[in-house]
Amino acid sequence: MYSFEVDKPGSVEAAVAALQIEEAMALGGGQTLIPTLKQRLASPSRLVSLAGIAEMKGVSAVDGVVTIGGGTPHATVAREAAGAYPALAALAGNIGDPAVRNRGTIGGSLANNDPAACYPSAALASGATIVTSSREIAADDYFQGMFTTALHEGEIVTAVRFPVPQAASYQKFEQPASRFALVGVFLARFAEGVRVAVTGASEDGVFRWSEAEEALNKEFRADALTGLAIAPENMIADLHGTKEYRAHLVSVMTKRAIRAVG
Amino acid sequence: MPKDHGIGASPKRREDVRFLSGTGNYTDDINLNGQAYVHFLRSDVAHGRIDRVDTAAAAAMPGVVRIFTGADFEGVGGLPCGWQVTDRHGQPMAEPGHPVLAQGKVRHVGDPIAAVVADTYEQARDAAEAIELDIEELPAVVDMKAALRDGAPKVHDDLAGNLCYDWGFVEENREAVDKAIKEAAHVTTLELVNQRMVANPMEPRVAVGDYNRATGDHTLYTTSQNPHVIRLLMGAFVLGIPEHKLRVVAPDVGGGFGTKIFHYAEEAFCTFAAKAVNRPVKWTSSRSEAFMSDAHGRDHVTKIELALDAENNFVALRTDTHANMGAYLSTFAPSVPTWLHGTLMAGNYKTPLIYVNVKAVFTNTVPVDAYRGAGRPEATFQLERVIDKAARELGVDPVALRRQNFITEFPYATPVAVEYDTGDYNATMDKLIEIGDFAGFAARRAASEAKGKLRGLGVNCYIEACGIAPSNLVGQLGARAGLYESATVRVNATGGLVVMTGSHSHGQGHETAFPQVIAEMIGIDESMVEIVHGDTANTPMGMGTYGSRSLAVGGSAMVRATEKIINKAKRIAAHLMEASESDIELKDGQFSVAGTDKSVAWGDVTLAAYVPHNYPLEDIEPGLEETAFYDPSNFTYPSGAYACEVEVDPETGRVTIERMTAADDFGNIVNPMIVSGQVHGGLAQGIGQALLEGCVYDENGQLLSASYMDYAMPRADDLPFYTVDHSCVTPCTHNPLGVKGCGEAGAIGSPPSVVNAVVDALQSAGRDVTHIDMPLSPARVWAALQG
Ligand SMILES: Cc1cc2nc3c(=O)[nH]c(=O)nc-3n(C[C@H](O)[C@H](O)[C@H](O)COP(=O)(O)OP(=O)(O)OC[C@H]3O[C@@H](n4cnc5c(N)ncnc54)[C@H](O)[C@@H]3O)c2cc1C
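- By the naming in an unreviewed UniProt entry, chain B goes by Xanthine dehydrogenase family protein molybdopterin-binding subunit and is assigned to Sedimentitalea xiamensis.

- Chain A is annotated in an unreviewed UniProt entry as FAD binding domain-containing protein from Sedimentitalea xiamensis.

**Remarks on the interface of chain B and chain A**
Now for step 1: Between chain B and chain A, the residue contacts involve 24 residues of the former and 22 residues of the latter.
Now for step 2: The closest approach of N and O atoms between Arg40 of chain A and Glu122 of chain B, which form a salt bridge, is 2.7 Å.
Now for step 3: Taken together, chain B and chain A are joined by 16 residue pairs in polar contact (both at pLDDT 80 or more).
Now for step 4: Secondary structure elements with two or more residues in the side of chain B that touches chain A: α3 (121-129) and α19 (778-786) of chain B.
Now for step 5: The leading source of residues in the side of chain B that touches chain A is α3 of chain B, at 4 residues.
Now for step 6: Taken together, the residues of the side of chain B that touches chain A break down into 10 nonpolar, 3 polar and 11 charged.

**What to know about the domain arrangement of chain A**
All names here are of chain A.
Now for step 1: Each assigned domain of chain A is listed with its residue range as follows: domain 1 (5-49), domain 2 (56-163) and domain 3 (167-261).
Now for step 2: Using only C-alpha atoms to locate each centre, domain 2 and domain 3 end up separated by 19 Å.
Now for step 3: Each side of the interface is counted separately: domain 2 has 24 residues, and domain 3 has 22 residues.
Now for step 4: Summed over both sides, the interface between domain 2 and domain 3 buries roughly 1,700 Å², with carbon and sulfur atoms accounting for 64% of that surface.

**Re unusual backbone geometry**
Residue and element names in this part refer to chain B.
Now for step 1: Following Phe410, the chain continues to Pro411 via a peptide bond in cis, the omega torsion being -5°.
Now for step 2: In this fold, Pro411 is placed in the loop between α10 (398-405) and β16 (412-413).
Now for step 3: With an omega of 0°, the peptide bond running from Ile468 to Ala469 counts as cis.
Now for step 4: When you line up the elements, Ala469 lands in the loop between β18 (454-463) and α13 (471-476).
Now for step 5: We note that Asp299 has phi near 70°; this positive angle belongs to a residue other than glycine.
Now for step 6: Residue classification places Asp299 among the buried positions, given a relative accessible area of 11%.
Now for step 7: Located in the positive-phi region is Asp437, a residue other than glycine, with phi close to 45°.
Now for step 8: Summarising the element assignment, Asp437 is placed in the loop between α11 (425-435) and α12 (441-450).
Now for step 9: A relative accessible area of 31% places Asp437 in the partly exposed class.

**Thoughts on the site of the ligand**
Residues and elements named next belong to chain A.
Now for step 1: With respect to spatial proximity, 29 residues lie near the ligand, and among them Ala26, Gly29, Gly30, Leu33 and Thr105 are the closest.
Now for step 2: Note that an oxygen atom of the ligand is positioned 2.8 Å from one of the backbone N or O atoms of Gly28.
Now for step 3: A distance of 2.8 Å separates an oxygen atom of the ligand from a polar atom in the side chain of His74.
Now for step 4: Protein chains shield 89% of the accessible area of the ligand, which is 960 Å² for the free molecule.
Now for step 5: For the shell around the ligand, the elements supplying multiple residues, two or more each, are β2 (24-27) and α6 (106-112).
Now for step 6: Here the shell around the ligand gets 4 residues from one element, more than from any other, and that element is α6.

**Comments concerning the packing of helix α17 (residues 672-692) of chain B against helix α18 (residues 745-764) of chain B**
Helix-helix packing is characterised by the crossing angle of the two axes and by the distance between the axes.
Residues and elements named next belong to chain B.
Now for step 1: At a minimum axis separation of 7 Å, α17 and α18 run at an interaxial angle of 40°. One element, α17, and the other, α18, form an angle in the oblique class. By crossing handedness, the relation of α17 to α18 is classed as right-handed. Two secondary-structure elements touch here, α17 through Val679, Gly682, Leu683, Gly686, Ile687, Gln689, Ala690 and Leu691 and α18 through Gly746, Ala747, Ser750, Pro751 and Val754.
Now for step 2: A class-by-class count of the residues in the contact of α17 with α18 yields 8 nonpolar, 5 polar and no charged.

**Some thoughts on the pattern of salt bridges**
Should the charged atoms of two oppositely charged side chains come close, the side chains can pair.
All names here are of chain B.
Now for step 1: Using the criterion set out here, one finds 70 salt bridges over all chains in the structure.
Now for step 2: Of the charged contacts, one joins Glu289 and Arg42 as a salt bridge, the two residues approaching to 3.0 Å between their closest N and O atoms. You can see Glu289 sitting in helix α8 (residues 287-293) and its partner Arg42 sitting in strand β1 (residues 36-42), a full 247 residues away along the chain. Summarising the burial analysis for this pair, Glu289 and Arg42 share the class buried.
Now for step 3: Across the pair Glu647 and Lys451 runs a salt bridge, and its minimum N-O distance is 2.9 Å. Residue Glu647 is found in strand β26 (residues 639-648), and its partner Lys451 is found in the loop between α12 and β18; the two are separated by 196 residues along the sequence.
Now for step 4: What you see here is one network of salt bridges that share partners, running through Asp437, Arg444, Lys451, Arg455, Glu645, Glu647 and Arg659.

Calculation rules
- Residues numbered from 1 in each chain as written.
- Chains lettered and ligands numbered in written order.
- Predicted model: local features only at pLDDT ≥ 70, side-chain atom pairs only at ≥ 80, totals over all residues.
- Heavy atoms only, no water.
- Contact = heavy atoms within 4.5 Å.
- Salt bridge = Lys/Arg side-chain N within 4 Å of Asp/Glu carboxyl O.
- Polar contact = N/O pair within 3.5 Å; in protein donor to acceptor, adjacent residues only side chain to side chain.
- Helix = DSSP H or I, 4+ residues; strand = E, 2+ residues; numbered from the N terminus.
- Nonpolar A, V, L, I, M, F, W, Y, C, P; charged D, E, K, R; others polar.
- Domains from an automatic or database assignment.
- Buried area = accessible area lost by both parts, 1.4 Å probe.
- Buried < 20%, exposed > 50% of the residue type's maximum accessible area, 1.4 Å probe, protein only.
- Near = heavy atom within 4 Å.
- Areas by Shrake-Rupley, 256 points an atom, 1.4 Å probe, with all protein chains shown as cover.
- Axes fitted to C-alpha atoms, helices over the stretch in contact; angles between N-to-C directions.
- Parallel < 35°, antiparallel > 145°, perpendicular 65-115°, else oblique.
- Left-handed = near helix turned anticlockwise from the far one by under 90°.

Spelled out as structure tokens, the structure:
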């Protein structure tokens, strides 16, 4: 680790101000950032910890929308969203290990947008709104490829609003070593239609499988996917799976999600 | 009624109290006054010529004490290799130098180039980044067969090529084996990879060097399985420090699995630098460094052929293995694919003709050496896989084929140089079938199929040679060390005992099991016995712990020393009771005179030995302390039969282990709980190898599996509840306890049964799959299912 200063502001406003300093970085739960610093792969001058900002914490459910503060740890979501949005709570409860879940935050996860992370698929499939320190961004506009988002420098994810679907399921096929998603499919069924978001698979990061959505909007059964396949070209290939394998898993996990929501 | 103390009881491990309560004393807990920290600048290319290392700017950085490079070690010895293998043609193996810090070339990612000693660890790291390096990258060799081709880049310019040795065993059998295979009724051939593994002990390696200017004494604290071996190798071959001026301490060690046997550059560096800078020097490996500097394990590519006659008797076996040595020869690397591997190729079977060829190869990768089982898992894996394949080809029951070919008479001299003293392979197989509920398998398979899953049952046997090893024999085979063990037993005046053993516990439970033996012999409570190990200053010269040798060899030394103690104590007791020595009996801590009611307690005798007022000083020295060295006359041969039941998800290729059953014959058992624990741990590592772990380099020699993000360690939920049994006992015939050793069995015995089970599952669904290379990741199994 290189040395750096640490700030612990008590409000979003103060945090935004603190982030104006050159080379300052927001620190959420540190579950991604701290290992990066330990490896000396980043050298921020100052870390602005968001952990002390009360307005960025907590889970609330009002009028069919679950709102999660950007600084809310995964374990809290797993506990407190279980009634209002069980599929989301289950996703949060299966991220990493207890230490990761007690520290890591939804804001950090969405800001980081790891191509194998779980939350991006939930946000995209739910048609969530990413609320930041300066604006609101629709999930469809927010994710812009591996580790890339619509966030500007110094912009903070303060909350995420999830419209609650009629039914939903997250099917995660774990990469054996990291247990991030080798392929994860979040399927959300709304009165207006079905949304299917896929994480872990694509070189372009989380994406919506629109052919599957169309097919399911016509007929909501696993068989509706027959004949549909993801093209392997843009899939990720690594030690843990070929492009073909990932493309195949997208279908399998989507079908499992369909069966799970019934 | 299970015993509650002594041999056969299962007291809880006394050492666990400190391990589990955070009060252990590991090497990283040792911090010496004025200590400086070292950070190693390591190569990030697999192969390169070092054109320039400029440390001037770095040396001026805050806190820097001194920066060392290869040039500082020019007058110093290199890291020695402890085993010389002689090749098929009678020539010694190619033995390249292994400098402490790279000289001229770097040969693998992680090869240390420079060492920065500074006041703090972060300062050392900062300064390392300021070192200016010019390295001309050279083409790397990673694949063993490519490394042996003409014109391949040479890892060591001063060697003829990348071949370390071409070993044939038993060379005289070669033609007879070829002929038998040519003429056999059936030959089953299998090509397979025993993949490279990273040992990953929970505690990374640490070294602290210290030098006392007043006395000229050196001390090294290090995470070692064998401190005396390090003292000898480092003192005599690297730094030229006589053993009486060098103390090596290996305090609590958090797991070794083989990778902490070897003498490493960092140990020599810290010892050397402590004197050079006149401050203690400490190094703590990060997990990332461990991946690229701890010796790796396995990494064999093998072709095996099993020939059978028309009645399905094994008639000959031929194997051809390429074994990766990595970039340098680690301490015992040459012995692993040869004497620890070829000698086990008979397995549990009476195959009359065997020929083993091993080509050891240098590549631009981390050195490879012994890892839990060392050579024996590689032998077992190929043999038990090829037998399974043969059974399937011939349409016979794999268990029946094995039974038909079992060795049943002992002692049995194999055609590969070893003599098994005892064993009963049918007994462990019978036990396996019973406790593994083979009878219920068909129903379980049907239940799995009803869920859309495939179910398979895989079986294998194993035998290992452990209790390593008869010194005169291993000397003939090229070992540059003896492999006896030692113990000093010191009885205190008030009757308590301290055992100073040359063996070393890094998780095995010596501190609990060894006292059980003494408690049994004397008839006193285990709490009266303390075990001291790990410090060359207060233990007799010993060879340490690996190869399941602690109880079989170290325990035997302790028994011999304790026998000497008891003999002397009986003489003292005879004097105290005015009786004849031959009439003295020792039972439950009381010496009595046979046929009388006279007795004295253990404590009365020990007190008399140290307060010799009423004592035959003219005949017997005062005091009660004895040392014994024990050199085994043969290896021990634990054996057993293992079964694995898997479910395979045909949609994803994911394998889950549903049942894992082990029936072992470990000879006599001192602490059944500890033995079960050793088997459990071994199974976890074996299953880890079969399903999850694998160290992978790309073609440029970059380590792809360089962290836990990509190197899959087994976690608790990857593993089933085990059924283990060690009630089949054929005691070892040649050591005093009749014990055989159990530390490696699980890791040796489990990978073949896992793979056999997956192949069985896939074949049950009509797939023509005869082999999948480990690790059987979901992606690989799915690919195999696609045909
Ligand atoms: C062992 C392990 C296993 C894991 N397994 C999984 C898994 O299975 N699935 C999964 O999805 N994730 C997994 N993770 C990642 C985990 O969910 C992280 O917590 C998450 O990715 C980052 O959140 P954080 O709060 O820790 O962010 P940090 O590490 O603090 O920050 C990450 C990045 O986001 C920025 N940032 C943080 N908070 C905000 C904010 N509110 N607004 C704007 N920018 C912000 C930081 O500046 C930094 O660039 C795992 C992590 C570990 C260590």
